[in-house]
Protein chains: 4
Amino acid sequence: MSKLMFSSDYMEGAHPRIIEKLMQINFDKNSGYGMDDYCQSAKEKIRKACECEDAQVHFLVGGTQANKVVITSFLQHYEGVVSADSGHIAVHEAGAIENSGHKVLTIKNNNGKLMAEDVRDFVKGFYQDETCDHMVFPGMVYISHPTETGTLYTLSELEALRKVCDEYNMHFFMDGARLGYGLVASDTDVTLADIARLCDVFYIGGTKVGAFFGEAVVISRPNKVKHFFTSMKQNGALLAKGWLLGVQFDTLFTDDLYMNISKNAIECAYMLKQGLLDKGYTLFADSSTNQQFVIVTNDKLKELREKVVFNVWEKVDEDHTAIRFVTSWATTKEQVSQLLSYL
Amino acid sequence: MSKLMFSSDYMEGAHPRIIEKLMQINFDKNSGYGMDDYCQSAKEKIRKACECEDAQVHFLVGGTQANKVVITSFLQHYEGVVSADSGHIAVHEAGAIENSGHKVLTIKNNNGKLMAEDVRDFVKGFYQDETCDHMVFPGMVYISHPTETGTLYTLSELEALRKVCDEYNMHFFMDGARLGYGLVASDTDVTLADIARLCDVFYIGGTKVGAFFGEAVVISRPNKVKHFFTSMKQNGALLAKGWLLGVQFDTLFTDDLYMNISKNAIECAYMLKQGLLDKGYTLFADSSTNQQFVIVTNDKLKELREKVVFNVWEKVDEDHTAIRFVTSWATTKEQVSQLLSYL
Amino acid sequence: MSKLMFSSDYMEGAHPRIIEKLMQINFDKNSGYGMDDYCQSAKEKIRKACECEDAQVHFLVGGTQANKVVITSFLQHYEGVVSADSGHIAVHEAGAIENSGHKVLTIKNNNGKLMAEDVRDFVKGFYQDETCDHMVFPGMVYISHPTETGTLYTLSELEALRKVCDEYNMHFFMDGARLGYGLVASDTDVTLADIARLCDVFYIGGTKVGAFFGEAVVISRPNKVKHFFTSMKQNGALLAKGWLLGVQFDTLFTDDLYMNISKNAIECAYMLKQGLLDKGYTLFADSSTNQQFVIVTNDKLKELREKVVFNVWEKVDEDHTAIRFVTSWATTKEQVSQLLSYL
Amino acid sequence: MSKLMFSSDYMEGAHPRIIEKLMQINFDKNSGYGMDDYCQSAKEKIRKACECEDAQVHFLVGGTQANKVVITSFLQHYEGVVSADSGHIAVHEAGAIENSGHKVLTIKNNNGKLMAEDVRDFVKGFYQDETCDHMVFPGMVYISHPTETGTLYTLSELEALRKVCDEYNMHFFMDGARLGYGLVASDTDVTLADIARLCDVFYIGGTKVGAFFGEAVVISRPNKVKHFFTSMKQNGALLAKGWLLGVQFDTLFTDDLYMNISKNAIECAYMLKQGLLDKGYTLFADSSTNQQFVIVTNDKLKELREKVVFNVWEKVDEDHTAIRFVTSWATTKEQVSQLLSYL
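Residues numbered from 1 in each chain as written. Chains lettered and ligands numbered in written order. Predicted model: local features only at pLDDT ≥ 70, side-chain atom pairs only at ≥ 80, totals over all residues.

Take the overall build of chain A next. Each helix and strand in chain A was counted, giving 14 helices and 13 strands. Against the 2.2 N^0.38 benchmark of 20 Å for 343 residues, chain A shows a C-alpha radius of gyration of 21 Å, consistent with a compact globule. Its C-alpha atoms put chain A at 60 × 55 × 35 Å along the principal axes. Going through the 343 residues of chain A one by one, you find that 59% of them count as buried. (Helix = DSSP H or I, 4+ residues; strand = E, 2+ residues; numbered from the N terminus. Rg over C-alpha atoms; globule rule 2.2 N^0.38 Å. Buried ≥ 20, exposed ≤ 12 C-beta atoms within 10 Å, placed from the backbone.)

Next comes the structure, spelled out in structure tokens:
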């Protein structure tokens, strides 16, 4: 019997409606590099969903790629990007940002998040330093929403970050690899339109939310960058069959599919969370999205590993370990029940 | 009525067997980043097809990306890559190689190809120059097979290039974005095993030959690079759902599918070529692969544009223009017949 | 007896007035990084000499460094720099520009020079190409004055280059490593003020014209770059004791010293040139600056090598070779006489 | 009356013996790029002083430049450099290392130093992390000696760092911008030969210790890098008149001049330190080198600023501030006396 897998949200293929559409048009001939009708339609729908008519939308294949292309395109060579020390670009992208010539300027995270006051202290301190011309200028603020630990920014936190970006003339960029799961969380007060209004650029993750692959980069403030298309090409990030991305996002943004399938992940996560609490487990972090963190004894850890694939997050003490379970748009309630039965 | 499209070989989706397989496993849960069984199986089949048991195989998404990751991984910072001046990396990749810090050292092409004697003259001249320490060291030879103009290297030409690479301690890299179409050309004497034996690294193009997307990078000489996986990640080139690439190449390398579907493109191209010759057209270049180049009058050009999408290659004289038609694994004989009827 | 040396213009130290000044202030304490009074004074004098009150002036140590810092500072990541194929940045800087991420876009030189019409053809062709978004944007035109082969641009040639830069929104950059020798050539109609008026940025070479080392970068059009100081630091090009550069340029731009000592090199070069013509030698190139190129028989070449250090430029035919002699601000008439006596 | 300056150790020119030598040979003609006799002689003397016959020695102009060229030359593209968070490369080099594509992996400093056990924990943790292939490989350990806060490593601390470098196959690099002042400190047990034996590469600072400018990079373990000369050129770091560096280091390494003049700085620093203690001041850090840190009241700070130039280091509490005084090879006892009279 194969193990139950709760280790990530990119283990399944794509939503059936996407597959259906791809099959249907498989032998049509489309123009390359995103110059096709599906991309145009998807962009229009995304602009509408973002309530931002002027937004430029570009489709990329994956998250690290999106981070690298966006950051490189927005920053000047003397600028770096401010990130929480737990930010994906600071930890798990093999130095992709530095490889493009830019320093990641890290600030201690607060429950996975970057707080506006910490950013202001950092940037204010930078400009007050007489030697700041010998240092890397903070040119952009990078956040993930949901964060790497499943937490969410509140609307007022995002507004506060926007404010500090305005004060110090920095771009504001949101990594939305798991954006769907954030938008439908029960306790969020942040909408897609809010994000488009507050950020200069962000992306709507498809890879982890119903697509085979793909991230829709939305540049919501016009005239912020030039030749983004060429930057994509220069980074080897321009998909020849761009219409594959167009079809996927066009489907996801038809009939609210993106939001609806996101809800499934959240429902499964909440069912899991409640089940854990009911069984008396202690949560390691209080996440309202599709990543759930729980503390188990090392004996339980060992036992679970026989039946389930999950992530060891960190050691809590000699006898206890925090572990992570991840649900997705494709997780079933049956799978969650079975997982709970092992716990 | 929509126009006939003969402008590229990446306008259709994927071979039906690939779609079938993707559908079948859509809700299975797979490990990410190429750590799944499909990738392992595909790698094994590719090693066998290359007759090279020790080869490392890595799956990337597209051609420019493959060129960038391979070249960056193999070169030291003081080295550049030798290419024909018509090479894709020298012209149409938006400076992706220079963006990674390396100069493309161009040599005049000979019918789209890089000739061993020209490379030797160049590299010998480099080392004879007393000031060579002030210049970029030639660290790799890059060729495309088929070339950007549809031509093919002969086995002896490849052997000669290998020889000069050995003489001057350079890596030998083949861009095989259209490799299938070269392997099944009627007049080639070069096999996949030859390529694996002669090159240090090359890739087998999937994007243009039956896959939705994907290039299989084969490092056929062991111990040539370290941490290629990390280089992929650093370039934003590591697909989260790596098994999508595994499934595609596993299917293409089952029952000779890759070769068989390549043949269709070649048959269509030859049918087109013969038809053009029969009608008295002059070919612009003598290609034995899936790109065909023909000279038309400017009047004909204008007329054709009403009905067909193709590429204007270059102006031949005041009254004539060379144009390019491209066939693919998915082109039908009916489409070729119709095209010929317009000519 | 040691050999006569005519192989470069950077073999001697500095003009005695510079040494005198450095000795005089040796134990004074100066602020670092160019924040001293000598730098301010030198900048003011250079602005006056350039008849350009708004010019930003920065002092760098050497030519390749100046090229690298200037080009990196002015270009966006999707841009390259247009250069003659004989340009120093294209040949003899070990890929310094590519190492910073930018392609050098070469055009065939015309007697060492880049002609405006050739640049226009190239850039016009670029923008007419439908695939230009897949290519490197021409963002700057780089020229050397005098060129690598000692030739000079006329005022109308520079004006024509300025015009094409305006037409296509490119920066215009002049490498003036040997600028002094160009400004005092007998047949030039180009003044320092012309250069400041026509270029966006250029540098006045000190290393080859009387200084121990140093190049004064003049950004003559305001608001063209931001944080040039930080770019210098980032490239390891910010001299801690910046006042060493300030003192040198302050001295060179006092009492016309820069122009006066440049004249000595030119007089020596002309004496040599006339002597060669009188002896019946054929010049390889007609240079009016401090580099002189002459054709000698291979026997003569061999004989000369016993007594003189010079550069072999290129093979002319089986029996003849072009060689280069270089004079400098420090060359004496006696040394030229002696050289002529060997020829 | 001009202020007393105690703000850095690069405010004066060069030791008189260097000036004398430069004057003496000013009109001699020397080969460029370090191919002269002075460089050869200086290299030989440095090898002897380091007791390392096989060492490669290269002369660079400044510290940031040396750090950039060394780190770039030694690291592969997937590697970063481990540094204390207070390391110069991590803070005050405007992102020079990231600009070359490499991440600086920071570890909390211990009194300005990087402790072997902390490095081991970090690197061990890296390799134990299952996702380490998604992260930047630690390829080098960078330390400054003396550190940015004037502290010194003990011999056993350096040996422990060497050990962890051996365990994890990392290069060991010492930034010796102020090396002289470390070597002659009264409480050090580390010699130049120890450093050459333990490090793979380090540099002997000249800019701050008696030279106009210059850092002697010593690669004490053979076959560690290839084409360092070309790396210098590529970074714009190859001085045309390399003999200027040769003369300076040849002079500094004749008759123990480097050590002797370093001692003057240390004697002045100790005189200052003792004077401060005698007057009842509290030291902010206990430095045995040429940087001295003391705590003053804000009133005193304000008063001192009228008469002395020094550095504000950090705020200690509402009423007190830590400040830094720096002595150099050129500081006189009179200057120290005068400074003490103000305190």
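Between chain A and chain C, the contact holds 13 residues from the first and 13 residues from the second. Per-element tally for the side of chain A that touches chain C: the top contributor is helix H10 (residues 228-234) of chain A, with five residues. A class-by-class count of the residues in the side of chain A that touches chain C yields three nonpolar, eight polar and two charged. (Contact = placed C-beta atoms within 7 Å. Nonpolar A, V, L, I, M, F, W, Y, C, P; charged D, E, K, R; others polar.)

Residue and element names in this part refer to chain D. A sheet is described by the order of its strands in space; here four strands give the open sequence S9-S10-S13-S12, paired in antiparallel fashion. Taken across any chain shown, the strands that pair with only one partner, and hence form the sheet edges, are strand S9 (282-285) and strand S12 (311-315). Strand after strand, the sheet turns through a mean of 40° between neighbouring axes, direction not considered. Sheet strands touched by helix H13 (residues 298-305): strand S10 (291-297) and strand S13 (320-326). Its angle to S10, the strand with the most contacts, is close to 120°. (Pairing = 2+ DSSP bridges. Axes fitted to C-alpha atoms, helices over the stretch in contact; angles between N-to-C directions.)

This brings us to the relation of the copies chain A and chain B. Rotating chain A by 180° and moving it 0.0 Å along the rotation axis overlays it on chain B with an RMSD of 0.0 Å. Classification of the inter-copy transformation places it as that of a two-fold axis. Residue by residue, 100% of the interface of chain A is reproduced at the interface of chain B, so both copies engage with the same surface. (Least-squares fit on C-alpha atoms with pLDDT ≥ 70 in both.)

This next bit is on the interface of chain A and chain B. Listed per partner, the contact involves 39 residues of chain A and 39 residues of chain B. Sorting the residues of the side of chain A that touches chain B by element identifies helix H1 (16-24), helix H3 (63-74), helix H5 (96-99) and H10 of chain A as the ones contributing at least two each. For the side of chain A that touches chain B, a count of residues per class yields 18 nonpolar, 15 polar and six charged.

Attention now goes to the relation of the copies chain A and chain C. Once chain A has been moved 0.0 Å along the axis and rotated by 180°, it coincides with chain C to within an RMSD of 0.0 Å. Here 100% of the contact residues of chain A are again contact residues in chain C; the copies associate through an equivalent surface.

By themselves, these figures tell us nothing about what the structure is for.
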